[in-house]
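# A structural walkthrough
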Amino acid sequence: MILFLDFDGVLHSEPCYDKAQLFSCLPRLEAVLREFPEVQIVISSTWRESRTISELKSFFSFDIGERIIGATPLWTEISAIVEIIGYQRHSEIEGWLRQSCEPWRDWVAIDDKPYLFKPFLKNLVKTNPNVGFDESAEIALRMCLDRKNT
């Protein structure tokens, strides 16, 4: 199982003007992920554009950071897929899945921008950008992960 993870609007509110609030929702997400050790993480956030995977991992607790296995390609690198799917973040995820040679692999995405995905996508956990990964997003993620484990 792969979790495609956005940062802004998920791990903290968007916008987040107070640097002390950056990653304020990360402990809640990490607690859930510890209950699902089979879940690997791929960064889909725009933060991947200006930071290395090592730098991105450093924001996480060691045990969770070790489960980060990559980042999605930029939509400009996969224009053929974007033409087929038509939704930027969804296309980037599909691009990563195809490059990993496992396009059939189960996945879930957490994002605050549902308009970047095909409508009615059942494996998208939407967050409220004003609060990030809150209790309702946690419940939705648990439901997705439980469903994929059965």
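Read on for a plain summary of the structure. As the structure is a computational prediction, the values presented were derived from the model and not from experiment.

A few words now on the pairing of strand S4 (residues 107-111). By the criterion of burial, S4 is predominantly enclosed, with five of the five residues buried. Where burial is concerned, the two faces of S4 agree: the one with Trp107, Ala109 and Asp111 and the one with Val108 and Ile110 are both buried. Both strand S1 (residues 2-5) and S4 contribute to a ladder of four bridges, which runs parallel. Each bridged residue has a counterpart across the sheet, and for Phe4 the counterpart in S4 is Ala109. Sheet topology note: the S4/strand S5 (residues 124-126) ladder contains three bridges and is parallel. If you follow Ala109 over to S5, its bridge partner there is Leu124.

Along the chain, Phe36 falls in the loop between helix H1 (26-34) and strand S2 (40-43). Residues Phe36 and Met1, spaced 35 residues apart in sequence, show a C-alpha to C-alpha distance of 9.5 Å.

The next subject is the pairing of S2. A regular strand places its side chains on the two faces of the sheet in alternate fashion. Here four bridges tie S1 to S2, and the two strands are oriented parallel to one another. Paired with Ile2 across the two strands is Gln40, which belongs to S2. Where the polypeptide runs from S1 across H1 and back to S2, its parallel neighbour, the crossover connection is right-handed. Where S2 meets strand S3 (residues 68-71), three bridges bridge the pair, whose relative direction is parallel.

The rules we used
Numbers given for residues are sequential positions, taken from 1 along each chain in its written order. Note on the predicted model: pLDDT of at least 70 is required for a residue's local features to be given, and 80 or more for side-chain atom pairs to be given and counted; whole-chain, interface and lining totals, by contrast, use all residues. Only heavy atoms go into the side-chain values, all of them from the structure, while hydrogens and water stay out. Exposure categories follow from relative accessible area, calculated using a 1.4 Å probe and restricted to protein chains: below 20% of the type maximum is buried, above 50% is exposed, and the middle band is partly exposed. Strands here are runs of E lasting at least two residues and helices are runs of H or I lasting at least four, both read from the DSSP assignment and numbered beginning at the N terminus. Only strands joined by at least two bridges in the DSSP assignment are considered to pair. Consider the strands pointing away from the viewer: the crossover is right-handed when the path from the first strand over the helix to the second runs clockwise.

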